[in-house]
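# Per-entry structural report
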Amino acid sequence: MLVRISSKSIAAIRAHAAETPGVEVCGLLFGTVEAVERVQRCANVADTPATRFEIDPAALIAAHKAERAGGAKLIGHYHSQPNGVCAPSSCDQAAADAVAKLWIIATQDEIAAFMLARDHAPRSVSLKIH
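Below you will find a few notes about this structure. (Residues numbered from 1 in each chain as written. Predicted model: local features only at pLDDT ≥ 70, side-chain atom pairs only at ≥ 80, totals over all residues. Heavy atoms only, no water.)

### Side note on the overall build of the protein
On a plain count of helices and strands, the protein comes out with 3 helices and 7 strands. Moving toward the C terminus, one meets the helices and strands of the protein in the order β-α-β-β-α-β-α-β-β-β. For 130 residues, the compact-globule formula gives about 14 Å, and the C-alpha radius of gyration of the protein, at 14 Å, lands near that figure. Taken over the C-alpha atoms alone, the protein extends approximately 35 × 35 × 30 Å along its principal axes. For the protein, the accessible surface area stands at approximately 7000 Å², while carbon and sulfur atoms represent 54% of it. A distance of 8 Å separates the average location of the 13 positive side-chain charges in the protein from that of its 13 negative side-chain charges. (Helix = DSSP H or I, 4+ residues; strand = E, 2+ residues; numbered from the N terminus. Rg over C-alpha atoms; globule rule 2.2 N^0.38 Å. Areas by Shrake-Rupley, 256 points an atom, 1.4 Å probe, with all protein chains shown as cover. Lys, Arg positive; Asp, Glu negative; His and termini not counted. Charge placed at Lys NZ, Arg CZ, Asp CG, Glu CD.)

### Some remarks on the packing of aromatic side chains
Inspection of the entire model under this criterion finds 0 aromatic pairs. If you follow Arg38 out to its NZ or CZ, it ends over the ring of Phe30, 4.2 Å from the centre. (Phe/Tyr/Trp six-rings, centres within 6.5 Å; stacked < 30°, edge-to-face > 60°. Lys NZ or Arg CZ within 6 Å of the ring centre and 35° of its normal.)

### Quick word on the environment of Lys8
With respect to the secondary-structure elements, Lys8 resides in helix 1 (residues 7-19). Overall, the relative accessible area of 70% leaves Lys8 in the exposed class. Linking Lys8 and Ile104, residues 96 residues apart in sequence, is a C-alpha distance of 15 Å. (Buried < 20%, exposed > 50% of the residue type's maximum accessible area, 1.4 Å probe, protein only.)

Printed below as a string of structure tokens:
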């Protein structure tokens, strides 16, 4: 699978992660199955943000309400991995709640994308940066 994303969105994710390199940052992805059209920063409300992330529930509720009212479609989320591993952790996989939602994970050096398959295992997704 191939998903398009702008270099501006990639830069926004990288900048967000660079602001607090010792903790996981997170945000929402909006668009279609084929393309990320917008990213939105969110607060990480996890108890241990150095090793986990939890998107602020108020941001999620607002995104779902806006989508139901005709706004942008919520297609997934992004988060950073301060440990440098650009792959879903076991905590990420356990917390995943929806098949076919896009995850973008950023480390200091790379960005990778994944989707949860029907068997609930993460599958790599190719990003086409434009």
